[in-house]
Number of protein chains: 2
Amino acid sequence: MHFTSEQRLDDGVLERTFSLGEIPGILWTPEAASASAPVPLILLGHPTLGLHKMYPRLVGRARQAAADGFAAATIELPGSGDRPRWPVLEQARADLRRVMQAGEPVGDEIVDALVLPLVEKAVPEWQAALDALLSLPEIGGPVGYAGGVISIGTRLAVVEPRISAAVLFAGSLVPRVMFEEAREVTIPLHVLLQWDDERNDRQAALDLFDAFGSTEKTLHANLGGHTGVPQSAGDAGAQFFKRHLR
Amino acid sequence: MHFTSEQRLDDGVLERTFSLGEIPGILWTPEAASASAPVPLILLGHPTLGLHKMYPRLVGRARQAAADGFAAATIELPGSGDRPRWPVLEQARADLRRVMQAGEPVGDEIVDALVLPLVEKAVPEWQAALDALLSLPEIGGPVGYAGGVISIGTRLAVVEPRISAAVLFAGSLVPRVMFEEAREVTIPLHVLLQWDDERNDRQAALDLFDAFGSTEKTLHANLGGHTGVPQSAGDAGAQFFKRHLR
């Protein structure tokens, strides 16, 4: 990992862009973070829209994390943003578009083709980023994961023991195999569901919440569409991390 | 309304019991409440277990309300606690017990017989209590309703314009007619659902949440049974009132 730029935001948060091999990323640390006072870390998940497009929302969540005493970091997903096109993902997206425009139901094979390769490729990248981030003297533990893609968050919660709590956004299509995998999740979970999410299947989100094996899990459903998450929902997620990452 | 006892709790909260005709009730006011600084009011709903049995949970919620600057009040439901037995309610409860012990499904007529007479009788009593409470110089507005029975809270939200926000506990059987009535609710709602509530029908609770006409509504589902509402869920309800009753 090497840092490629650095700026201090108006609230004192240090924002640094970095490269991890071919993967770009951003790290935000609160002003007070130092080698003698290392801070917990929240990994900021997001959909495959690219970091540039997601930046306004991500920096908002990072500022909240910093205000609560946490570092936050994110990386570009495979095939997104400035990373090389990924034909597997392009093809799956084209298939999904075609089916949706034809008004046909989105079948399991479409969902699997869209999400499973992404999970397979992105999860080891998140783990590599975690290795690099935790080697920085100003970053300690524990570690949380916040955001979508919910299947990536679910897989990470299963395979990555350094992640000790997660806020998951139920805002993407979920392959059937993830419902089985969800049973293996045991960390505390806080799941956000937009009740009228036009891109999502509400019943699938409720079924996935039901499937999670965690003994501590909370579902917060708010009225509104995909991008209409209210401020209060973000506040509740922040409260959840304050309880679990300190 | 006349006060029948008065004590100051250790956190300065003034607890007064009162009678409103034949109906006993309790009012809690924060230490700072006065005629020159009247406070908003939260009506504390509860199931038909009687105020004595519910007191520990109610006083906990009242202390939280007082810490946030709100008065809180509750009244005994018809046929409960020290109020005269109510044959209609006794019969409906006996019918429900018989059906459940026989392992039979709880039919609509059982649910209607148990809940609808209670709603019909309790809602005007809550409104009479509200008249009396709002006539006290130390109580101002706005007014919130918090708790079960969810059908009582729903009816109150429809017919009582002085109630401007509600935290509803989805922990009781819901007559079909209430799903229609729910569409008429327009105030901000915060609904608590215990995901594994053994006395409740999860799907009915989700359907009722979906039916509410409010443009601002949030569902918080937590893992656990009927009485296992976690502290964090109570905190989120308190945050909701802080946003809507100030």
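Residues numbered from 1 in each chain as written. Chains lettered and ligands numbered in written order. Predicted model: local features only at pLDDT ≥ 70, side-chain atom pairs only at ≥ 80, totals over all residues.

**What to know about the overall build of chain A**
Then comes step 1: Assigned secondary structure in chain A consists of 7 helices and 9 strands.
Then comes step 2: Rg of the C-alpha trace for chain A: 17 Å, near the compact-globule value of 18 Å for 246 residues, within the 12% margin.
Then comes step 3: Reported as C-alpha extents along the three principal axes, the dimensions of chain A are approximately 55 × 40 × 30 Å.
Then comes step 4: Residues counted as buried form 44% of the 246 residues belonging to chain A. (Helix = DSSP H or I, 4+ residues; strand = E, 2+ residues; numbered from the N terminus. Rg over C-alpha atoms; globule rule 2.2 N^0.38 Å. Buried ≥ 20, exposed ≤ 12 C-beta atoms within 10 Å, placed from the backbone.)

**Points about the interface of chain B and chain A**
Then comes step 1: Each side of the interface is counted separately: chain B has 13 residues, and chain A has 13 residues.
Then comes step 2: Put simply, the parts of the chain that give the side of chain B that touches chain A at least two residues each are strand S9 (217–222) and helix H7 (231–244) of chain B.
Then comes step 3: The element that contributes the greatest number of residues to the side of chain B that touches chain A is S9 of chain B, accounting for 6 residues.
Then comes step 4: Class assignment for the residues of the side of chain B that touches chain A results in 5 nonpolar, 5 polar and 3 charged.
Then comes step 5: Bridge count between strand S9 (residues 217–222) of chain A and S9 of chain B: 5 bridges; the pairing is antiparallel. Each residue of the ladder has a partner; that of Thr218 of chain A, found in S9 of chain B, is Asn222 of chain B. (Contact = placed C-beta atoms within 7 Å. Nonpolar A, V, L, I, M, F, W, Y, C, P; charged D, E, K, R; others polar. Pairing = 2+ DSSP bridges.)

**A short note on the relation of the copies chain B and chain A**
One copy of the chain maps onto the second through a rotation around an axis plus a translation along that axis.
Then comes step 1: Mapping chain B onto chain A leaves a residual RMSD of 0.0 Å; the transformation is a rotation of 180° accompanied by 0.0 Å of translation along its axis. Here the copies are linked by what is in effect a two-fold axis. Distance from the rotation axis, computed per C-alpha, reaches its smallest value in chain B at His220 of chain B: 2.3 Å.
Then comes step 2: Of all interface residues in chain B, 100% are interface residues in chain A too; the two copies therefore contact each other through one and the same surface. (Least-squares fit on C-alpha atoms with pLDDT ≥ 70 in both.)

**Some details on helix H1 (residues 51–67) of chain A**
The periodicity of an α-helix, 3.6 residues per turn, causes residues three or four places apart in sequence to face the same way.
Residue and element names in this part refer to chain A.
Then comes step 1: Along H1, the largest kink reaches about 40° and is centred on Arg57.
Then comes step 2: For H1, the complete set of buried residues consists of Leu51, Met54, Leu58, Arg61, Ala62, Ala65 and Ala66.
Then comes step 3: The positive-phi residue at the C-terminal boundary of H1 is Gly69, with phi of around 90°. (Bend = angle between axes of the 7 residues up to and from the residue.)

**Some points on the packing of helix H2 (residues 87–101) of chain B against helix H3 (residues 108–134) of chain B**
All names here are of chain B.
Then comes step 1: Packing of H2 against H3 leaves a shortest axis separation of 9 Å and a crossing angle of 150°. Between H2 and H3, the angle falls in the class roughly antiparallel. H2 and H3 meet at a crossing whose hand is left-handed. When H2 is examined against H3, the residues Val88, Leu89, Ala92, Arg93, Asp95, Leu96 and Val99 are found in contact with a partner set consisting of Ile110, Ala113, Leu114, Pro117 and Leu118.
Then comes step 2: Taken together, the residues of the contact of H2 with H3 sort by class into 10 nonpolar, no polar and 2 charged. (Axes fitted to C-alpha atoms, helices over the stretch in contact; angles between N-to-C directions. Parallel < 35°, antiparallel > 145°, perpendicular 65-115°, else oblique. Left-handed = near helix turned anticlockwise from the far one by under 90°.)

**Comments concerning the confidence of the model for chain A**
Then comes step 1: Chain-level statistics for chain A give a pLDDT mean of 93 and a share of 98% at 70 or above.
Then comes step 2: In the predicted complex, the global pTM is 0.84; the interface-specific ipTM is 0.74. (pLDDT = per-residue confidence, 0-100.)

**Description of unusual backbone geometry**
Then comes step 1: Cis rather than trans, the peptide bond between Gly148 of chain A and Val149 of chain A has omega equal to -15°.
Then comes step 2: Within the secondary structure, Val149 of chain A sits in the loop between strand S6 (139–147) and helix H4 (150–159).

**Examining the pairing of strand S7 (residues 163–169) of chain A**
All names here are of chain A.
Then comes step 1: Burial analysis of S7 places 6 of its 7 residues in the buried class, the great majority of the element.
Then comes step 2: Between S6 and its parallel partner S7, the chain crosses via H4, and the hand of that crossover is right-handed.
Then comes step 3: Of the pairings in the sheet, the one linking S7 to strand S8 (residues 189–194) comprises 4 bridges and is parallel in character. Bridged to Leu168 within S8 is Val191.
Then comes step 4: Crossover connection from S7 via helix H5 (residues 176–182) to parallel S8: handedness right-handed. (Right-handed = clockwise from strand over helix to strand, strands pointing away.)

**Things to note about the pairing of strand S1 (residues 2–8) of chain B**
Residue and element names in this part refer to chain B.
Then comes step 1: Counting buried residues along S1, only 0 of its 7 residues qualify, which leaves the element largely exposed.
Then comes step 2: Summarising the sheet, S1 and strand S2 (residues 14–20) pair through 6 bridges and their orientation is antiparallel. The residue of S2 that forms the bridge with Arg8 is Leu14.
Then comes step 3: Taking the residues that link successive antiparallel strands as the turn, the S1-S2 hairpin has 5 residues, and the phi of Gly12 there is positive, at about 90°.

**Looking at H4 of chain A**
Then comes step 1: Most of H4 of chain A sits inside the fold, with 8 of its 10 residues counted as buried.
Then comes step 2: All of the buried residues along H4 of chain A are Ile150, Ser151, Ile152, Gly153, Thr154, Arg155, Leu156 and Ala157 of chain A.

**Comments concerning the environment of Thr17 of chain B**
Residues and elements named next belong to chain B.
Then comes step 1: Assignment of secondary structure puts Thr17 in strand S2.
Then comes step 2: Residue classification places Thr17 among the partly exposed positions, given that 14 C-beta atoms sit within 10 Å.
Then comes step 3: Put simply, Thr17 and His2 are 15 residues apart on the chain and 8.6 Å apart in space, counted from C-alpha to C-alpha.
Then comes step 4: Once residues within four sequence positions are removed from consideration, Thr17 is found in contact with Thr4, Ser5, Pro24 and Ile26.

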